[in-house]
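# Reading the structure
Listed below, chain by chain, are the residues.
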Amino acid sequence: LDEVLMAEGALQMKTKVAYDVFTPLRKVFSVPIDMVLSERNLVNIYASGYTRVPVHAADNKSAILGVMLTKQLIVVDGKDKRPLSTLPLRIPNCVSPTMPLVNLLNLLQMGGEKGRGGHMALICARPDVGNRALSLGQAVPETAGLIGIVTLEDILEALLQEQIYDE
Ligand code: ADP
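An account of the accompanying structure is given in this report. Counting of residues starts from 1 at the beginning of each chain's written sequence and follows it residue by residue. Given that the model is predicted, a residue must reach a pLDDT of at least 70 before its local features are reported, and side-chain atom pairs must reach 80 or more before they are shown or counted; all residues, however, enter totals for whole chains, interfaces and linings.

### Quick look at the sheet that holds strand β8 (residues 120-124)
By way of backbone hydrogen bonds, the strands of a sheet pair with one another, either parallel or antiparallel. Here 4 strands make up an open sheet; going across it, the order is β1-β9-β8-β7 and the pairing mixed. Among the strands making up the open sheet, the edge pair consists of β1 (23-24) and β7 (93-95). Strands pair, by our definition, only if DSSP identifies at least two bridges between them. The helix count covers DSSP runs of H or I at least four residues long, the strand count covers runs of E at least two residues long, and both are numbered beginning at the N terminus. Note that β1 and strand β9 (residues 146-151) share 2 bridges and pair antiparallel. In the strand pairing of β9, Pro24 is matched with Gly148. A residue pair is marked as a contact if its C-beta atoms, positioned from the backbone, fall within 7 Å. Axis definition: a line fitted to C-alpha atoms, over the contacting stretch in the case of helices. Angles run 0 to 180 degrees between N-to-C directions. The strands that helix α5 (residues 127-135) touches are β7, β8 and β9; relative to β7, the one it contacts most, it runs at about 170 degrees.

### Quick notes on the pairing of strand β5 (residues 60-69)
In terms of strand pairing, strand β4 (residues 52-57) meets β5 through 6 bridges, oriented antiparallel. Note on β5: the bridge partner recorded for His56 is Ile64. In textbook terms, the turn of a hairpin is the stretch between consecutive antiparallel strands, and for β4 and β5 this stretch comprises 2 residues.

### Topic: the site of the ligand
Residues are counted as near a molecule or strand when the C-beta atom, derived from backbone positions, lies within 6 Å of that molecule or strand. Neighbouring the ligand are 13 residues, the closest being Thr23, Tyr50, Thr51, Thr151 and Glu153. For the shell around the ligand, the elements supplying multiple residues, two or more each, are β4, β9 and α6 (152-166). Here the shell around the ligand takes 3 residues from β9, the largest share from any one element. Residues are grouped as follows: Ala, Val, Leu, Ile, Met, Phe, Trp, Tyr, Cys and Pro are nonpolar; Asp, Glu, Lys and Arg are charged; all remaining types, including Gly, are polar. Looking at the shell around the ligand residue by residue, the class counts come to 6 nonpolar, 3 polar and 4 charged.

Okay, here's the thing in structure tokens:
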């Protein structure tokens, strides 16, 4: 029976796509690159509860530059008023909303192409445009059509929900 459930889960991973499980941009907790890591801002970031926080251009929430891991902040002292821009950022992959979950699972698990990834991907109508900008150290441009994010958790949750529902 377990094998049947696992096979069903694998099939759903092929039919379900990123669009079915992603988190829309308006719900994403992100921070601007010009932020100072003051005690107050550190508390706000920790209070969000997220492990991975996208970093966006000063003026535009959809112009994502990279992803900060909150564990990077453990060594930061709020009294130093260190600029967030001094932290090394992870460069995520941009993927199409139509990417099957099985492909997305592989991408996120493997850390992505060119050593990118880190368990979060950006969902873009034009992933090629987003990936090109990010690899040049630039923000995701408006023309990439960024609509949200997806993490490994979203994929595994979708898989488990289906299995529970089927029982
Ligand atoms: P965490 O490790 O931070 O708890 P997960 O990767 O387990 O995050 O994802 C849990 C849910 O939260 C998923 O639906 C994911 O899309 C969403 N999520 C992850 N990071 C963020 C963020 N910075 N802002 C908003 N939602 C997020």
